[in-house]
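Overview (structure and organization)
As a plain string of letters, each chain reads:
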Amino acid sequence: MSTIRTDRTNQTGKAGSKTKTRPPKAPPDFQLLILTLILTGFGLLMVFSASSSFTLLSKKFSYNPLFFTLSQFQYALIGIVVMLVTMNIPYKRFKKLFVPMFLLTFALLILVLFMPAVNGAHSWIELGPISVQPTELAKISTILYLAALISKKGERFRDLRSGFMPIIVIVSVIAGLVMLQPDLGSCVILVSACFLVIYAGGASIKHILGSVMILGLILALFLGGKELLTQKTADEAQATSNYQVGRIQAYLDPFADPQGSTQNLLNSLIAIGEGGVTGAGYGQSIQKLSYLSNPHNDFIFAIIGEEFGFIGTAVFLLLYLYFLWRGLLVSLRCTDIFGTLTGVGIVGLIGIQAFINIGGVTNTIPLTGVTLPFISHGGTSLLITLFSMGILLSISRDSKKAAPAVKEQTTETISASERRPALYRSR
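My aim in this report is to walk through the structure given alongside it, one point at a time. Source: prediction; values computed, not measured.

**Observations concerning a positive patch on the surface**
A contiguous patch of positive charge, built from K92, K95, K152 and R156, is present on the exposed surface. Examined against the element boundaries, K92 turns out to sit in the loop between α3 (67-86) and α4 (94-111).

Structure, rendered in structure tokens:
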């Protein structure tokens, strides 16, 4: 009897030891999670500050100072729940889901072209009270698609015909559909982030530069052909020409037409200048009072500059830069190539979009009209960004789980080509 009990005890012990040897689920990167919540919360405060004054005085917005804030809060709440759920899903599952996500995105990008134009662009699909912007979904879907293909191809990705060109064709098709809307700003963000992933995947610099030149030529021919084939009245053609020329004119000389095409950029620069060192104080912006169009959206950084001044803006930018650095660090620590490329792509999307928004508002680069991630009003943008952060936080779990294993490894040697992501390989 005692022998049987002893045997059972040993078996139970062995079974228990086997259970204990399973590595525990690592927590997500705490710093990255807190930074995401801080930026989202600050965005809600700035949307309220930038929009409450003109919505309170407008019948169009039911005289409700919380009109845009409540909308942003709802999307933020849903987005945070989605982020928390997504970060508990192993990111490798998205390697199997990238095909249906990409096909859905492709279908939506075609469908949106048949939707009514808003401000001259077919960018929105109206689903009752909800508006969906397929371009935002296209960004993360394309990144997942590229990361999965590059990790699957491995060293074959460096081959021009069988590896590099098929991926460039995919990027070109998606970029072309975005330009048909037209949405130049989103197209630039998408293509730039894709090339960042392609570079991190180990592509040749010569291939990348050559494809950039070819895509630029195709884009020029496409836009020129579209203008020639599109039937427009004389007034519509003149309005389109004035709009395009106005953007370039505003960049070169913000004072050229202060009552017309350069008005928004000029008032944006005035807002940042009026902020001085310490700012006018939260909610005390003057330029948001009908001087700036869309102060809660494209020009929200100008409101930050006016209300918080140089010191507050510097703190905000440092926080944003630390967030991007932390996201990149998490991505590079991941031992799986798919995780690394996906993380680099997500950080690239957020960083490039932030640069284009802030650069346009400060006249560092030509104004293109894109939102500032986490901060600007935009339901679809915020929801997809928080979903993307859920994937990145899931990747951070792998990074933390891999770190102790690397430290404890003493006898087993793994070659550098197998362990390192493609970003570190010699080109």
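**Brief notes about the layout of surface pockets**
Its boundaries defined by the atoms lining it, the second largest pocket holds a volume of some 400 Å³. A175, C187, V191, L215 and L219 are the residues nearest the centre of the second largest pocket, which is lined by 17 residues in total. For the lining of the second largest pocket, the secondary-structure elements that each account for two or more residues are α6 (160-179), α7 (184-200) and α8 (205-229). Here the residues of the lining of the second largest pocket are counted per class, giving 13 nonpolar, four polar and no charged.

**With respect to the environment of S388**
Within the secondary structure, S388 is located in helix α13 (residues 379-408). Residue class for S388 comes out buried when judged on its relative accessible area of 6%. Along the primary structure S388 and S141 are separated by 247 residues, whereas in three dimensions their C-alpha atoms are 9.8 Å apart. Ignoring any residue separated from it by four or fewer positions in sequence, one finds S388 in contact with I140 and I346.

**Quick word on the packing of aromatic side chains**
Scanning all chains against the criterion turns up 16 aromatic pairs. When the ring of Y282 is compared with that of F308, the centres are 6.4 Å apart and the planes differ by 40°; the resulting orientation is tilted. In this pair, Y282 sits in the loop between α10 (263-275) and α11 (300-333) while F308 sits in helix α11, placing the two residues 26 residues apart along the sequence. Every member of this aromatic cluster is reached through a ring pair, and the members are F42, Y282, F301, F308, F316, Y320, F323 and F374.

Rules used throughout
- Residues numbered from 1 in each chain as written.
- Predicted model: local features only at pLDDT ≥ 70, side-chain atom pairs only at ≥ 80, totals over all residues.
- Heavy atoms only, no water.
- Patch = residues over 30% accessible without salt bridge, like charges linked within 9 Å, V, L, I, M, F, W, Y side chains within 5 Å.
- Areas by Shrake-Rupley, 256 points an atom, 1.4 Å probe, with all protein chains shown as cover.
- Salt bridge = Lys/Arg side-chain N within 4 Å of Asp/Glu carboxyl O.
- Lys, Arg positive; Asp, Glu negative; His and termini not counted.
- Charge placed at Lys NZ, Arg CZ, Asp CG, Glu CD.
- Helix = DSSP H or I, 4+ residues; strand = E, 2+ residues; numbered from the N terminus.
- 1 Å grid on protein atoms, 1.4 Å probe; cavity = no way out; pocket = protein on both sides within 12 Å on 5 of 7 lines; lining within 4 Å.
- Points joined across faces, edges and corners; volume = space filled by probe spheres on them.
- Nonpolar A, V, L, I, M, F, W, Y, C, P; charged D, E, K, R; others polar.
- Buried < 20%, exposed > 50% of the residue type's maximum accessible area, 1.4 Å probe, protein only.
- Contact = heavy atoms within 4.5 Å.
- Phe/Tyr/Trp six-rings, centres within 6.5 Å; stacked < 30°, edge-to-face > 60°.

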